[in-house]
Amino acid sequence: MEETMSNYKDNSLNGMNTLITGCNKGIGLSITKKLASHGSNIIACCRKKTDELVKNFNDLKNKYKVEIEIYEFDLSEYDKIKISFQEIKKKFSKIDILVNNAAAIDTSSFLMTSIKSGRDLFEINYFSQIYLIQLVSKMMITKKKGSIINISSTSGLDVNEGRIFYSATKAALINSSKILAKELSPFNIRVNVVAPGLIETDMMRQNTKNEVVDKVINDLSIKRTGQPNEIADVVYFLASDLSSYINGQVIRVDGGML
């Protein structure tokens, strides 16, 4: 039987260092597992280090013989990001891959949505992501190589009622990724975007009504929600040299929203 990307294992990322945000659960945890399985060391960034997280990462370290270091900071607190990044630079001499995965969401009607809520979403979903890219890309430039993968959403491409600011943050990230792909390409740094559709995560279920999920599934060509590992497969592809001729692109992983 032909081997699929989900169960394919090699050491194509052996010796590489990947910084991932929001890696404690859902899509971020699946990405962490996927890249570690291909030999990458992980700089795991999350808001809170839990006993379960430490156990999961220790299991990954033992299984794949990679380094996994956990750094705690809130993406809305720039001083803490800067302090954590100084610690990261002391531990890791290079960062080969950056995966901007962490995000917040707010679902409410336009007339009931506060401007403050919009500002908060932009801080986490957009400005902090750009700040991290500024920090990491400087390290990548010295090595003349890197892959930056920003996790956006189909909400940044399509119209989603009740998510005016969330959709705007994801659209901004897509647009900026294309600009960065041009600006960083002279340094052999690629910047691409993954835009997931309905993926089975706590965040999706807690912020999307069941009737909305059912309606979307009914309109999909693949009649189901996606799994976090299916996003992780695409991230691995973009992180590796398998995608060496892909830059500035948005890859939808949405089950066929046609």
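Remember, it's a predicted structure, so these values are computed and weren't measured experimentally.

How each quantity is defined
Once a new chain begins, its residue numbering starts again from 1 and follows that chain's sequence as written. A pLDDT threshold of at least 70 governs which residues receive local features in this predicted model, and a stricter bar of 80 or more applies before side-chain atom pairs are shown or counted, although totals over entire chains, interfaces and linings include all residues. Water and hydrogen atoms were dropped before computing side-chain values, which therefore reflect all heavy atoms in the structure. In this text, helices come from DSSP runs of H or I with a minimum length of four residues, and strands from runs of E with a minimum of two, each type numbered from the N-terminal end. Note that the radius of gyration is over C-alpha atoms, with the globule rule given as 2.2 Å times the number of residues to the power 0.38. Whether a residue is buried, partly exposed or exposed follows from its accessible area with a 1.4 Å probe, protein chains only, as a fraction of its type maximum: under 20%, in between, or over 50%, in that order. Methods summary: accessible areas were calculated by the Shrake-Rupley approach with a probe of 1.4 Å, and residue burial reflects only the protein chains presented. When charges are counted, neither His nor the chain ends are considered; positive counts come from Lys and Arg and negative counts from Asp and Glu. In this description, the location of a charge corresponds to atom NZ of lysine, CZ of arginine, CG of aspartate or CD of glutamate. Lines are fitted to the C-alpha atoms to define the axes, a helix being fitted only along its stretch in contact, and any angle between axes, read from their N-to-C directions, falls within 0 to 180 degrees. Roughly parallel means an angle under 35 degrees; roughly antiparallel means over 145; roughly perpendicular covers 65 to 115; every other angle is labelled oblique. Left-handed describes a crossing in which the near helix is turned anticlockwise from the far one by less than a right angle; the clockwise case is right-handed. Throughout, a residue-residue contact means that at least one pair of heavy atoms, one from each residue, lies within 4.5 Å. As a working rule, the residues Ala, Val, Leu, Ile, Met, Phe, Trp, Tyr, Cys and Pro are called nonpolar, Asp, Glu, Lys and Arg charged, and the rest polar, with Gly in that last group. Within 6.5 Å between ring centres, the rings of Phe, Tyr and Trp (the latter by its six-membered ring) count as paired, and their orientation is classed by plane angle as stacked under 30 degrees, edge-to-face over 60, tilted in between. A cavity, in this analysis, means grid points on a 1 Å lattice covering only the protein atoms where a 1.4 Å probe fits yet has no way out; a pocket is instead an open set bounded by protein on both sides within 12 Å along at least five of seven lines, and a residue lines either one if it has an atom within 4 Å of a point. Grid points are joined across faces, edges and corners, and a volume is the space filled by probe spheres set on the points. Handedness rule for crossovers: strands pointing away from the viewer, path from the first strand over the helix to the second running clockwise, crossover right-handed. The rule for pairing is simple: two strands pair if DSSP sees at least two bridges between them.

## So, the overall build of the protein chain
1) Next: Helix and strand content of the protein chain: eight helices and seven strands.
2) Next: Expected size for 258 residues packed as a compact globule is a radius of gyration near 18 Å; at 18 Å, the protein chain falls within 12% of this value.
3) Next: Evaluated residue by residue, the protein chain yields a buried proportion of 50% over its 258 residues.
4) Next: For the protein chain, the computed accessible surface area is about 13,300 Å², with 52% contributed by carbon and sulfur atoms.
5) Next: Counting 34 positive and 29 negative side-chain charges, the protein chain places the averaged centre of each group 4 Å from the other.

## Examining the packing of helix α1 (residues 26-37) against helix α2 (residues 51-64)
1) Next: The contact between α1 and α2 brings their axes to 10 Å, and the two run at 15°. As summarised for this structure, α1 and α2 are arranged roughly parallel, according to the angle between their axes. Crossing geometry of α1 relative to α2 is assigned as right-handed. Judged by residue contacts, L29, T32, K33, A36 and S37 of α1 engage N56, F57, L60 and Y64 from α2.
2) Next: The class makeup of the residues in the contact of α1 with α2 is five nonpolar, three polar and one charged.

## Focus on the packing of aromatic side chains
1) Next: Evaluation of the coordinates by the stated rule reveals four aromatic pairs.
2) Next: Ring centres of Y78 and Y131 lie 5.2 Å apart, and the angle between their planes is 40°; this geometry places the pair in the tilted category. One end of the pair, Y78, is in helix α3 (residues 78-91); the other, Y131, is in helix α4 (residues 115-143), with 53 residues separating them in the sequence.
3) Next: Aromatic side chains Y126 and F127 sit 5.1 Å apart centroid to centroid with 70° between the ring planes, which places their arrangement in the edge-to-face category.
4) Next: Three or more aromatic residues joined by ring pairs form one cluster here, namely F122, Y126 and F127.

## Things to note about the environment of L180
1) Next: Mapped onto the fold, L180 is located in helix α5 (residues 164-184).
2) Next: Take L180: its relative accessible area is 18%, and that puts it in the buried class.
3) Next: Residues L180 and F122, 58 residues apart in the sequence, show an inter-C-alpha distance of 18 Å.
4) Next: Leaving out residues up to four positions away in the same chain, L180 has contacts with I130, I133, S185 and V191.

## Things to note about the layout of surface pockets
1) Next: In this structure, the second largest pocket spans a volume of roughly 160 Å³.
2) Next: For the lining of the second largest pocket, the per-class residue count stands at five nonpolar, four polar and three charged.

## Description of the pairing of strand β2 (residues 41-46)
1) Next: Across the six residues of β2, six count as buried, placing the element largely inside the fold.
2) Next: Burial of the side chains of β2 extends over both faces: N41, I43 and C45 are buried on one face and I42, A44 and C46 on the other.
3) Next: Note that the unit made of strand β1 (residues 17-21), α1 and β2 has a crossover that is right-handed.
4) Next: With five bridges joining them, β2 and strand β3 (residues 68-72) adopt parallel strand pairing. Bridged to A44 within β3 is I70.
5) Next: Handedness of the crossover joining β2 and β3 through α2 is recorded here as right-handed.

## Thoughts on unusual backbone geometry
1) Next: Located in the positive-phi region is K144, a residue other than glycine, with phi close to 55°.
2) Next: Tracing the sequence through the fold places K144 in the loop between α4 and β5 (146-151).
3) Next: Judged by its relative accessible area of 48%, K144 is partly exposed.
4) Next: Even without a glycine there, the phi angle at N188 is positive, about 65°.
5) Next: Mapped onto the fold, N188 is located in the loop between α5 and β6 (189-196).

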